[in-house]
Amino acid sequence: MAPPVVHSLPRQIREYIVEGIVSGRWKPGERIVERRIAVELEVSQTPIREALRELEVLRLIESAPNKGVRVRNLSAADLEEIYPVRAGLEQIAASLAAPRLGEDVSVLEPAVAALYEADSRSDAEAQVRHTVAFHRELVRASGNSVLLHTWESLGIEVWTTLAMRWLGTRQQSYAEEHEAIVEAFRRRDPRVDELVKEHVLGCAPQV
């Protein structure tokens, strides 16, 4: 990995560490050494500490006095817990966004088109990226900044990636499921918020 761009250092470092956790470079229970990352990326330890704090909030790592930072021993149950919270937030978002999206669903359509392309290539990374983009636009359409901030703080992309790569939680067609949600908004389905909730819960890992 090339040295991160200065203006987004903590975010890029966070992505670097997450990729290391997902790929197995850092295994559950293994220590993450700040100094080693600093040498690898040619950065100071300050942005690395900031990135690690964010990952601790997301519950991917844990720190203890005199023991440093370690990757948490995550289970399917850990991954499953986030989905009811996310489903509740997106149900509220869908209810608030329904009048706007009933008039114009164009903000959701690019992600669906990208998902059809990702599905055709079985590109798991792109499927995660465009799925998250779809749901982010849905939440943003609610017009509620507090709701969007809360949703963003869940680290949806990180957890979706972990669920797919670690547990194999993959759907047959991401595009078709999301297109069905778009159609529900377009026809002003009064149950669209329930449909969104059911969709999110249906993506949860089965434990």
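Our subject is the structure listed above.
Just so we're clear, the structure is a prediction, and the values are computed from it rather than from any experiment.

Two numbers describe how helix α2 (residues 34–41) lies on helix α3 (residues 45–57): the axes approach to 9 Å, and their chain directions differ by 120 degrees. Taken as axis vectors, α2 and α3 run oblique relative to one another. Where α2 crosses over α3, the handedness of that crossing is right-handed. For the pair α2 and α3, contact is made by Glu34, Arg35, Ile37 and Ala38 and by Gln45, Ile48, Arg49 and Leu52, respectively. Looking at the contact of α2 with α3 residue by residue, the class counts come to four nonpolar, one polar and three charged.

On to the pattern of salt bridges. Taken as a whole, this structure holds 15 salt bridges when the rule is applied. Ionic pairing is found between glutamate 54 and arginine 14, a salt bridge with its closest N-O pair at 3.8 Å. With glutamate 54 in helix α3 and arginine 14 in helix α1 (residues 9–23), the pair connects residues that are 40 residues apart, well separated along the chain. Ionic pairing is found between arginine 25 and glutamate 40, a salt bridge with its closest N-O pair at 2.4 Å. In this pair, arginine 25 is assigned in the loop between α1 and β1 (31–32) and glutamate 40 in helix α2, connecting sequence segments 15 residues apart. Overall, arginine 25 belongs to the partly exposed group, its relative accessible area being 36%. Among the charged side chains, a salt-bridge network with shared partners connects Glu109, Glu183 and Arg186.

Here the focus is the packing of aromatic side chains. Counted according to the given criterion, the structure contains one aromatic pair. Considering the side-chain rings of tyrosine 16 and tryptophan 26, the 6.3 Å spacing of their centres and the 80 degrees angle between planes classify their relative orientation as edge-to-face. Separated by ten residues along the polypeptide, tyrosine 16 in helix α1 and tryptophan 26 in the loop between α1 and β1 bring together distant segments of the chain. Of the residues examined, tryptophan 26 reaches a relative accessible area of 7% and is grouped as buried. Directly above the aromatic system of tryptophan 26 lies the positively charged group of arginine 25, at a separation of 4.5 Å from the ring centroid.

Looking now at helix α10 (residues 192–202). The periodicity of an α-helix, 3.6 residues per turn, causes residues three or four positions apart to be oriented the same way. Residues Val192, Asp193, Val196, His199 and Val200 constitute the buried set of α10. Looking straight down α10, one finds that the buried residues subtend no more than 125 degrees of arc, so they occupy a single side. Looking at the buried side of α10, the elements it contacts are α4 (76–103), α6 (124–140) and α9 (174–186).

Attention shifts here to the sheet that holds β1. As a general point, the strands of a sheet are linked pairwise by backbone hydrogen bonds and lie either parallel or antiparallel. Judged by pairing direction, the sheet is antiparallel, and its three strands sit side by side in the order β1-β3-β2 without closing on themselves. Of all strands in the sheet, those with a lone pairing partner are β1 and β2 (61–64), marking the two edges. Together, β1, β2 and β3 (68–71) form the strand contacts of α3, whose direction differs from that of β2 by roughly 110 degrees.

Procedures and definitions
Residues numbered from 1 in each chain as written. Predicted model: local features only at pLDDT ≥ 70, side-chain atom pairs only at ≥ 80, totals over all residues. Heavy atoms only, no water. Axes fitted to C-alpha atoms, helices over the stretch in contact; angles between N-to-C directions. Helix = DSSP H or I, 4+ residues; strand = E, 2+ residues; numbered from the N terminus. Parallel < 35°, antiparallel > 145°, perpendicular 65-115°, else oblique. Left-handed = near helix turned anticlockwise from the far one by under 90°. Contact = heavy atoms within 4.5 Å. Nonpolar A, V, L, I, M, F, W, Y, C, P; charged D, E, K, R; others polar. Salt bridge = Lys/Arg side-chain N within 4 Å of Asp/Glu carboxyl O. Buried < 20%, exposed > 50% of the residue type's maximum accessible area, 1.4 Å probe, protein only. Phe/Tyr/Trp six-rings, centres within 6.5 Å; stacked < 30°, edge-to-face > 60°. Lys NZ or Arg CZ within 6 Å of the ring centre and 35° of its normal. Arc of directions from axis to C-beta. Pairing = 2+ DSSP bridges.

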